[in-house]
Amino acid sequence: QSERWEQALESALRESGRTPAELASAPKSAPWKRALARKLRDTVAAPYRWLAENGYAERPFTLAGDSAGGNLSLITLMRARDAFLPLPDCAVLLSPATDLTVSGPSQRYNAEADPMFSPAAIDLLPDVYCPGQDRRNPLLSPLFGNWEGLPPLLLHAGSTEMLLDDSIRAHDRA
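Attention here is on the structure that accompanies the text. In this text the structure is predicted, and so the values were computed from the model without any measurement.

1. Observations regarding the pattern of salt bridges
Here comes step 1: This structure, assessed with the given rule, holds 3 salt bridges.
Here comes step 2: Residue aspartate 82 is joined to arginine 81 by a salt bridge in which the shortest nitrogen-to-oxygen separation is 2.9 Å.
Here comes step 3: For arginine 81, a relative accessible area of 15% translates into the label buried.
Here comes step 4: Aspartate 99 is the salt-bridge partner of arginine 169, the closest N and O atoms lying 2.6 Å from each other. Of this pair, arginine 169 sits in helix α7 (residues 164-173) while aspartate 99 sits in the loop between β2 (90-94) and α5 (106-109), placing them 70 residues apart in sequence.
Here comes step 5: Look at arginine 169 and you get partly exposed, because its relative accessible area is 22%.
Here comes step 6: Here the salt bridges do not stand alone but share partners, grouping Asp99, Asp166 and Arg169 into one network.

The following block contains the structure:
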């Protein structure tokens, strides 16, 4: 999966005529940087569309994602529902990053205990993923989206994770 992501990033960079160094150093508001982020998000949804259109949704079908993958899984579900594509039987979301506004209290009270993330990393990632965009946009932060009509969701998060409240609030919305 990470190899496909790297290939998508390399392809998007090649099409934009930019280098990884330019991506890292460009201001968040650079239009080409926003277009690149949009292309990468669309690249993630394309395999789901292919599966649904080629009969795989007629079989037992589960969508799963961990952390940022949980974010992309939820966004994919919402986009598939809105496009009237068949939905999977269920989705499994492990510590999904559902709120890129980083407004959950566990972002602060678990900052020291989280075994995976630090506040600096959590603050940096949205700027890289969605530069210059409204982080409350449901296509970035599915917590703020429409949860009606989604398949059953299984959410897991650890008690010491900074993303704990993302899962709790997602559970409340579902």
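Don't stop here, the text continues.
2. Some remarks on the packing of aromatic side chains
Here comes step 1: Within this structure, the stated rule accounts for 2 aromatic pairs.
Here comes step 2: Seen in terms of ring centroids, tyrosine 48 and phenylalanine 61 are 5.7 Å apart; in terms of plane orientation they differ by 20 degrees. Their pairing is stacked. Placement of the pair is tyrosine 48 in helix α3 (residues 31-53) and phenylalanine 61 in the loop between α3 and β1 (62-66), with a sequence separation of 13 residues.
Here comes step 3: Residue classification places tyrosine 48 among the buried positions, given a relative accessible area of 5%.
Here comes step 4: The interplanar angle of 35 degrees and the centroid separation of 5.6 Å between the aromatic rings of tryptophan 50 and tyrosine 56 together place this pair among those described as tilted.
Here comes step 5: Classification of tryptophan 50 as partly exposed rests on a relative accessible area of 48%.
Here comes step 6: Seen from the ring of phenylalanine 144, arginine 136 lies directly overhead, with NZ or CZ sitting 4.0 Å from the centre.

3. What about the environment of glycine 104?
Here comes step 1: Its location among the elements puts glycine 104 in the loop between β2 and α5.
Here comes step 2: Between the C-alpha atoms of glycine 104 and aspartate 165, which are 61 residues apart in sequence, the distance is 5.3 Å.

4. Topic: the side chain of serine 106
Here comes step 1: Topologically, serine 106 is positioned in helix α5.
Here comes step 2: Overall, serine 106 belongs to the buried group, its relative accessible area being 0%.
Here comes step 3: Here methionine 162 takes part through its backbone oxygen, which lies 2.8 Å from a polar atom of the side chain of serine 106.
Here comes step 4: Discounting chain neighbours no more than four positions away, the residues touching serine 106 are Ala111, Glu161, Met162, Leu163, Leu164 and Asp165.

5. Topic: the pairing of β2
Here comes step 1: Of the two faces of β2, only one is covered, namely that formed by Ala91 and Leu93; the face formed by Cys90, Val92 and Leu94 stays uncovered.
Here comes step 2: As defined by bridge partners, β1 adjoins β2 across 5 bridges and the pair is classed as parallel. Paired with glycine 65 across the strands is leucine 93, a residue of β2.
Here comes step 3: Once the chain exits β1 it traverses helix α4 (residues 68-82) before rejoining the sheet at β2, and the crossover so formed is right-handed.
Here comes step 4: Of the pairings in the sheet, the one linking β2 to strand β3 (residues 153-156) comprises 4 bridges and is parallel in character.

About the criteria used
Here, residues in each chain are numbered from 1, in the same order as that chain's written sequence. The model is predicted, so local features are restricted to residues of pLDDT at least 70 and side-chain atom pairs to those at 80 or more, both for listing and for counting; the totals for chains, interfaces and linings are taken over all residues. Side-chain metrics rest on all non-hydrogen atoms present in the structure, leaving aside hydrogens and water. When a carboxyl oxygen of Asp or Glu lies within 4 Å of a side-chain nitrogen of Lys or Arg, that pair is called a salt bridge. To sort residues, take the accessible area from a 1.4 Å probe on protein chains only and compare it with the maximum for the residue type: under 20% means buried, over 50% means exposed, and anything in between is partly exposed. We count a stretch as a helix when DSSP gives it H or I for four or more residues in a row; a strand needs E for two or more, and each element gets its number in order from the N terminus. Each aromatic pair joins two rings of Phe, Tyr and Trp (for Trp, the six-membered one) with centres within 6.5 Å, and gets the label stacked for planes under 30 degrees apart, edge-to-face for over 60, and tilted for any other angle. Charges are assigned to positions over rings by a cutoff of 6 Å between ring centre and Lys NZ or Arg CZ, combined with an angular limit of 35 degrees from the ring normal. Definition of a polar contact: a pair of N or O atoms within 3.5 Å, with one able to donate and the other able to accept a hydrogen when the atoms are protein atoms, and with sequence-neighbouring residues admitted only if both atoms are side-chain atoms. Contact criterion: two residues are considered in contact whenever any of their non-hydrogen atoms come within 4.5 Å of each other. Strands qualify as paired when DSSP identifies two bridges or more between them. Convention used here: a crossover is right-handed provided that the path from the first strand, over the helix, to the second strand proceeds clockwise when the strands point away from the viewer.

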